[in-house]
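Reading the structure
Residue strings, one per chain:
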Amino acid sequence: MVENTEISADEIIDSFPWGISVVDRGGKVVVWNRLAEELTGVNRNQLLQKTIFENPEPRIYPLAEKIRDSLDSNSFFQSINCFSVKGSSREVFSTGKIIIDKQGEISGLVILLKEEREQEVRAKDRREQKDIKVPVHLGEMTAMLEELSRVKSQFLSTISHELRTPLNSIIGFSEILIDRTFGQINEKQERYIKNIYQSGKHLLSMINDILDLNRVGEWKSMLSPGEFPLSKVFNSIQGILKIPALKKNISLTLAVDEKISLVQADEVKLKKIIYNLVDNAIKFTPPGGKVEVEGRPLDENFIRISVVDSGMGISIDNRKRIFEKFEQIDGDLTRKYEGVGLGLTVTKRLVELHGGKIWVEGKKGKGSEFIFTIPKKIKRFACGHE
Amino acid sequence: MNEKILIVEDTLFNREMAKDLLALEGYKIIEAEAGKEAIEKTIDEKPDLILLDMVLPDIEGMALAKILKDNSQTRNIKIVAFTAQVETDKKKALDAGLSGHIMKPIDTKTFARKIGEFLK
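So, here's what we can say about the structure.

Procedures and definitions
Residues numbered from 1 in each chain as written. Chains lettered and ligands numbered in written order. Predicted model: local features only at pLDDT ≥ 70, side-chain atom pairs only at ≥ 80, totals over all residues. Heavy atoms only, no water. Phe/Tyr/Trp six-rings, centres within 6.5 Å; stacked < 30°, edge-to-face > 60°. Helix = DSSP H or I, 4+ residues; strand = E, 2+ residues; numbered from the N terminus. Buried < 20%, exposed > 50% of the residue type's maximum accessible area, 1.4 Å probe, protein only. Contact = heavy atoms within 4.5 Å. Buried area = accessible area lost by both parts, 1.4 Å probe. Salt bridge = Lys/Arg side-chain N within 4 Å of Asp/Glu carboxyl O. Polar contact = N/O pair within 3.5 Å; in protein donor to acceptor, adjacent residues only side chain to side chain. Nonpolar A, V, L, I, M, F, W, Y, C, P; charged D, E, K, R; others polar. Pairing = 2+ DSSP bridges. Axes fitted to C-alpha atoms, helices over the stretch in contact; angles between N-to-C directions.

A few words now on the packing of aromatic side chains. Enumeration according to the criterion identifies two aromatic pairs over all chains in this entry. The interplanar angle of 80° and the centroid separation of 6.3 Å between the aromatic rings of Phe323(A) and Phe370(A) together place this pair among those described as edge-to-face. With Phe323(A) in the loop between helix H9 (318-321) and helix H10 (342-353) and Phe370(A) in strand S12 (residues 368-375), this residue pair connects regions lying 47 residues apart in the sequence. In this structure Phe370(A) comes out as buried when scored by relative accessible area, which is 8%. With 6.5 Å between their ring centres and 35° between their planes, Phe82(B) and Phe111(B) make a pair best called tilted. Linking Phe82(B) in strand S4 (residues 78-83) with Phe111(B) in helix H5 (residues 111-119), this pair joins segments that are 29 residues apart in sequence. On the basis of relative accessibility, which here comes to 2%, the residue Phe111(B) falls in the buried class.

What follows is the structure, given as structure tokens:
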């Protein structure tokens, strides 16, 4: 088609008003045009001739996942991803279509990227406002803050790893001693070693919580929306937490109202929300109690999911505090429970990312009810700047 | 049960824990802290199984596994990845001809049994 002209195929691809990318069957990136660079903030020389799955740039991960699924399942995809470029976030609509060669085999995938229209207009508004009122260096400052936040995340995850290695040795060796793998210990020694073991476990769960909380920041730009049956998530939670519940002789039931079939959300994160709540409920419910999870419509726009336990309940004063960082209800009673209560902070943030709310009801001494809502249809995913 | 196991791991705690738990079951244990030492000991001692840390000071575990699997003298020795990474290493390990993987931190109660299963 372009044989008799001076214009090269590359120039044509580069001047397209859509971001264009082509990956081969193995995920190797062969085309990544100029607008794709601009929309994602990822340069072509970071990508070309490498497989997109191995790219070290985290902002590419959600898109790479879609591409992998698409190649694996031989189907097209559509998704909206947030990319943060030079201090501002944008929502980019992407769609991919499988390329079939003459033999009928999959030879790759072509991906089109386009900035979401509404967002484009809003971004333009913002730029115009900026021109009038805001000093020029604001953009640079935002970029600097983002860099700072990235460095912080990196630091935390390195530190967490470095802390965990010696901690696992503390836990592992004390476990071996408690099990008397290498011979007898006396009662006092056993008690001391158990203290070491439990403190180690406690510290480990704290570190894991901090890592989780740290990840929420990264997750912000990485929500990958999907549509799936709520019962699928419930079944998976039931599968994971059945044994811990059984061990405490707690009856665990999960029920979805038949009026809810499909939900729109980020599946992994929704699972994390429900998992955290149910895991907590099991932890704070005495043996022989019950934990009930229910999903039903709240109104036309929202779904309501509740987790009810027969634990000790939470006083009114404490209801807001438990969602704050490092808060667990005080008093001796809770000392016997592991964890520091970062879990609920993570949970709350994840609910809010979806555009929902979370709160707690119930009476002290008579169990608690944790309730959260998520929109039935996720209209827009919150980008980093919101 | 006199099978020989080479533990390749640079973190002392992990190495010692694995060594003690396996020695208790009657295995003969050899240790190496880095890739070069591991290759030398593999050729000299001909272990039945190698428990291989995936991150070593001088070489990536996977690259070391490839060297051993490419060498006719050491090709048939079972290699088990010893890893802290969940998903990524699992697939790679199987692709590289490894027998499987064991997660870090060690589960002290099941560790020796799992190694025993790899040796069957």
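Take the interface of chain B and chain A next. Taken together, the 10 residues of chain B in the interface contact 11 residues of chain A. Interface of chain B and chain A: buried area, both sides summed, is about 1,000 Å²; carbon and sulfur atoms make up 73% of it. Across the chain B-chain A interface, the total number found is two salt bridges. When the shortest N-O distance is used, the salt bridge between Asp179(A) and Lys109(B) registers 3.2 Å. Inspection of the region where chain B meets chain A yields two residue pairs in polar contact (both at pLDDT 80 or more). Tallied by class, residues from the side of chain B that touches chain A come to five nonpolar, two polar and three charged.

Right, let's talk about the sheet that holds strand S9 (residues 290-297) of chain A for a bit. All names here are of chain A. Sheet architecture is open: five strands sit in the order S7-S9-S10-S12-S11, paired in mixed fashion. Edge strands, defined here as strands with exactly one partner in the open sheet, are strand S7 (251-256) and strand S11 (358-362). Adjacent strand axes in the sheet meet at a mean angle of 15°, parallel and antiparallel pairs treated alike. With seven bridges connecting them, strand S10 (residues 302-309) and S12 associate as antiparallel partners. Along S12, the bridge assignment pairs Phe302 with Pro375. Contacts from helix H8 (residues 267-283) reach S7, S9, S10, S11 and S12, with the element oriented near 175° to S12.

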